[in-house]
Amino acid sequence: MRLRNIPGSREIIAENPFVVPEGEPIRGHWKKRFGNENPVHIEIGMGKGRFLITLAEKNPNINYVGIERYSSVLLRALQKMEENPLPNLLFLRMDAETLEDIFEKEEVSKIYLNFSDPWPKDRHAKRRLTSRTFLARYDKILKSEGRLEFKTDNRELFDFSVEELAAAGWKAESISYDLHNDPILMKDNIMTEYEERFSSMGNPICKYSIYRERKVHERKDKKSEIEKD
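A. Focus on unusual backbone geometry. The phi angle at Phe115 is positive, at roughly 50°, despite the residue not being glycine. Residue position: Phe115 is located in the loop between strand 4 (108–114) and helix 6 (132–141).

Structure, rendered in structure tokens:
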């Protein structure tokens, strides 16, 4: 049985307290939902949740939101959460195309993309979560000083993702084509299920951390205006 086709998974998810119900007016109210003023980090396409659950355990002063479009995959993450409930982690079953309906401008401090669907056909390039189309969506919800981290073992997807940065107005803070042999970037690395599997097969893992180049320039311009005044 395919993981994303478990009968009844959508109904089970709808009743789970760790999932924000579809239709709840949550945009602009995430800190209220978590009951604190901590920063919000999100993972888009979180799969079975190992990466995000580990982060939430290690960083209780950060609120995490896991986004997954497939109900049966999300169900696996909920099963893990029920074994070890975490107050700083919530889930959403949704498509990343509607992020702006869920998060207010600059409401998110960090975005994680891990082993996203490569959508290998050229005509599907806009569907890739690292395309300039999606980078424009992230730009609207990410704080000015925010970062986006992306990991994959798909070199073609990674090359495409790096090439998209300049056109989208983003800049790379760090780039690695062999993460597991980079002692600096590996220091705080948390592996996903896919990462563990692919790296054990000898596949190099690629990673970048990026930020909005335009936003940096805007902050410098504002600082100059203040100094002039």
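B. Quick look at the sheet that holds strand 5 (residues 142–152). Taken in spatial order, the 7 strands of this open sheet run 3-2-1-4-5-7-6, and their pairing is mixed. Two strands in the sheet have a free side with no partner beyond their single neighbour: strand 3 (89–93) and strand 6 (170–176). Shown here is a sheet whose adjacent strand axes are inclined to one another by a mean of 20°, direction ignored. Direction of pairing for strand 5 relative to strand 7 (residues 206–212): antiparallel, over a ladder of 5 bridges. Bridged to Glu149 within strand 7 is Ser209. Strands in contact with helix 4 (residues 71–83) are strand 2 (63–68) and strand 3; relative to strand 3, the strand with the most contacts, it is inclined by about 165°. Across the sheet, helix 6 is in contact with strand 1 (40–44), strand 4, strand 5, strand 6 and strand 7; its angle to strand 5 comes to roughly 140°.

C. Quick peek at the confidence of the model for the protein chain. Overall, the prediction assigns the protein chain a mean pLDDT of 90, with 90% of residues at 70 or greater. Every residue in residues 219–226 scores below 50 in pLDDT, and together they form 2 contacts with partners more than four places removed in sequence or on other chains.

D. Spotlight on the side chain of Thr192. One can find Thr192 in the loop between strand 6 and helix 8 (193–200). According to the relative accessible area criterion, Thr192 is buried, its value standing at 5%. Within polar-contact distance, the side chain of Thr192 engages the backbone nitrogen of Tyr194 at 3.3 Å. There is a polar contact of 3.0 Å between the side chain of Thr192 and the backbone nitrogen of Glu195. The residues touching Thr192, leaving out its near neighbours within four places in the chain, are Arg50, Phe51, Asn114 and Phe115.

Conventions adopted
- Residues numbered from 1 in each chain as written.
- Predicted model: local features only at pLDDT ≥ 70, side-chain atom pairs only at ≥ 80, totals over all residues.
- Heavy atoms only, no water.
- Helix = DSSP H or I, 4+ residues; strand = E, 2+ residues; numbered from the N terminus.
- Pairing = 2+ DSSP bridges.
- Axes fitted to C-alpha atoms, helices over the stretch in contact; angles between N-to-C directions.
- Contact = heavy atoms within 4.5 Å.
- pLDDT = per-residue confidence, 0-100.
- Buried < 20%, exposed > 50% of the residue type's maximum accessible area, 1.4 Å probe, protein only.
- Polar contact = N/O pair within 3.5 Å; in protein donor to acceptor, adjacent residues only side chain to side chain.

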